[in-house]
Amino acid sequence: MPSVLIKTYGCQMNERDSEQVASMFLAGGYHLTQSEAEADVILINTCSVREKAELKALGKMGLLCARPTAKPWVVYGFMGCMSQSRARSLFRDVPRLDIVTGTQQYHHVYELCNRLLRSRMGNNTDTPLRKGAHICHTEQEEGFQNAIRDHLPPAGNCTAFVSIMQGCEMRCSYCIVPSTRGNECSRPAEDILQEVRELVERGVREVTLLGQIVNRYGKDEPIVNGRGAFVRLLEALHEIDGLARIRFTSPHPIGFRQDLVNAYTYLPKLCSHIHFPMQSGSDRILQLMRRPYKNEKYLRLCEAMREARPDLAITTDIIVGFPGETDEDYQQTKAAVERIRFDNAFVFQYSPRRDTVAAAMPDQICLRVKEERNHDLLETVNRIATARNHALVGTLQHILVEGPSKNNPERLQGRTSQNKPVIIPGGSATPGHIVPIRINECTGFTLYGDVV
Ligand code: 5AD
Ligand code: SF4
């Protein structure tokens, strides 16, 4: 039985796309492996969002292709965002590479790899192949968003990602995603509901809906009784018996309407956590970023959601060192962090991406300043995040028990509705169950508790 190794960089969308590819290999009789020495097919699902992510994937593939292997037939492939944006030029960087597939071609990866592997094995070749097969598929494909729907067989997981839309049409000036992920396309609600019903039958209790701008799901559909397509989808999912929790990521202030704020008041299965990228607290920088709203709108949305759901945890993404960012702009970002008091934030140093508007802007910020702002902002973010976590000590929380803790398999790990990880003693609860926990300790980002 041949085996496939899939490594995934980047966001949850990529994780989900990799799962789709893996499940097609399984259906084709392969088994999944973590071992580089054992694998007959090695795939890397790539991210382009910052330069570092690309260098990581390129470096890894370079090493894999150069290693001595007892299997001269191994098929090497790149999938995803970097493939989409660099396409055939990747064969120059990694000559041994066989297959490059873009973000709308995930459902063809299995067939391409399997065909190539079978033909190589059939040739019974025992001399190492020097040059890859150089097969490249990055064309757009209508309806591809409906092909991300298969899940791996249950391995006791009680949580799952569900892709509900793909692509992004927002054109933020720093971002490569609109060019790697194409136009926005939403899946039909009925297909999504069917997928989630099947997941629930297999024991899934919590789903996370995925989309580059998830709240623009079904943006061309009519508003019915004040509710847009995204909120109507949330309501329909809420009706599914056995589904306990609904999450989604990531929303954008554009297309974020009152109906979504209100949803937090009457949909108890909707979790008390939202990852809501802010990017900058300065209106001048937001404008240069081509994000067509004022920071005040973002802040008001956060506050309105907290009014609707007082225990809502908010996490965010922030970019520091965007071209032209002055100290004053940066201080405004810091002030916004103090005002919202995020539960956590990812802070990124601006990374110029090819063919984006911002990469060609004047006043690029030097590395030293980017690093200083990054470091300074993280201090603020961590101080607030730690204080918020400490405030949970002594409270009662409900966690969905996910399984053994990664650091200590003797204990169990679960998550609160606010998406905070909680460690509890092993044997004190059953994975897949939601149990009440008294939080009695907190170390930075992890909470510890006991079943009540
Ligand atoms: N440089 C730095 N960070 C970026 N992001 C997107 N593009 C860039 C870039 N060119 C960040 C944004 C986004 C997150 C996924 O990555 O904050 O929300
Ligand atoms: Fe990276 Fe964006 Fe592609 Fe996700 S969609 S893998 S974050 S470039």
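Just above, that's the structure.
On to the site of ligand 1. Taken together, Val49, Arg50, Tyr174, Gln279, Asp317, Ile319, Phe348, Gln349, Tyr350, Ser351 and Arg353 are the residues near ligand 1. Separating an oxygen atom of ligand 1 from a side-chain N or O atom of arginine 50 is a distance of 2.9 Å. Taking glutamine 279, its side chain carries an N or O atom lying 2.6 Å from an oxygen atom of ligand 1. For ligand 1, the protein covers 86% of the area, taking 410 Å² as the surface of the free molecule. Sorting the residues of the shell around ligand 1 by element identifies strand E13 (313-320) and strand E14 (344-349) as the ones contributing at least two each.

Taken together, Cys11, Asn14, Cys47, Ser48, Val49, Cys81, Val177, Arg181 and Gln212 make up all the residues around ligand 2. Class assignment for the residues of the shell around ligand 2 results in five nonpolar, three polar and one charged.

Let us look at the packing of helix H11 (residues 295-308) against helix H12 (residues 327-340). At their nearest, the axes of H11 and H12 sit 11 Å apart, and the two run at 10° to each other. Here H12 runs roughly parallel to H11, going by the angle between their axes. Across the interface between the two elements, Asn295, Glu296, Leu299, Cys302, Glu303 and Arg306 from H11 touch Ala336, Arg339 and Ile340 from H12. Counted by class, the contact of H11 with H12 contains four nonpolar, one polar and four charged residues.

On to the nonpolar core. As a rule of thumb, soluble globular proteins bury nonpolar side chains together. Within the largest apolar cluster, 65 residues are counted, with the highest numbers of intra-cluster contacts made by Ile164, Leu209 and Phe248. In this structure, this core is formed jointly by two domains, domain 2 (143-271) and domain 3 (278-293 + 307-391), each of which donates at least three residues. Each residue touching isoleucine 164, except ones within four places of it in the same chain, is listed here: Cys185, Ser186, Arg187, Ile192, Leu209, Leu210, Val214, Tyr217, Phe230 and Leu233. Counting 21 residues, the second largest nonpolar core, distinct from the first, contains Ala39, Met82, Ala87 and Leu90.

Under the definition given, this model contains nine aromatic pairs. An angle of 90° between the planes, with centres 5.8 Å apart, marks the rings of tyrosine 30 and tyrosine 110 as edge-to-face. Within this pair, whereas tyrosine 30 is found in the loop between helix H1 (12-27) and strand E2 (31-32), its partner tyrosine 110 is found in helix H5 (residues 109-122), the two being separated by 80 residues in sequence. Classification of tyrosine 30 as buried rests on a relative accessible area of 2%. Through a chain of ring-to-ring contacts, three or more aromatic side chains come together here, namely Phe25, Tyr30 and Tyr110. Seen from the ring of phenylalanine 348, arginine 50 lies directly overhead, with NZ or CZ sitting 3.7 Å from the centre.

About the cut-offs
Residues numbered from 1 in each chain as written. Chains lettered and ligands numbered in written order. Predicted model: local features only at pLDDT ≥ 70, side-chain atom pairs only at ≥ 80, totals over all residues. Heavy atoms only, no water. Near = heavy atom within 4 Å. Polar contact = N/O pair within 3.5 Å; in protein donor to acceptor, adjacent residues only side chain to side chain. Areas by Shrake-Rupley, 256 points an atom, 1.4 Å probe, with all protein chains shown as cover. Helix = DSSP H or I, 4+ residues; strand = E, 2+ residues; numbered from the N terminus. Nonpolar A, V, L, I, M, F, W, Y, C, P; charged D, E, K, R; others polar. Axes fitted to C-alpha atoms, helices over the stretch in contact; angles between N-to-C directions. Parallel < 35°, antiparallel > 145°, perpendicular 65-115°, else oblique. Contact = heavy atoms within 4.5 Å. Core = buried A, V, L, I, M, F, W, Y, C linked by side-chain atoms within 4.5 Å. Buried < 20%, exposed > 50% of the residue type's maximum accessible area, 1.4 Å probe, protein only. Domains from an automatic or database assignment. Phe/Tyr/Trp six-rings, centres within 6.5 Å; stacked < 30°, edge-to-face > 60°. Lys NZ or Arg CZ within 6 Å of the ring centre and 35° of its normal.

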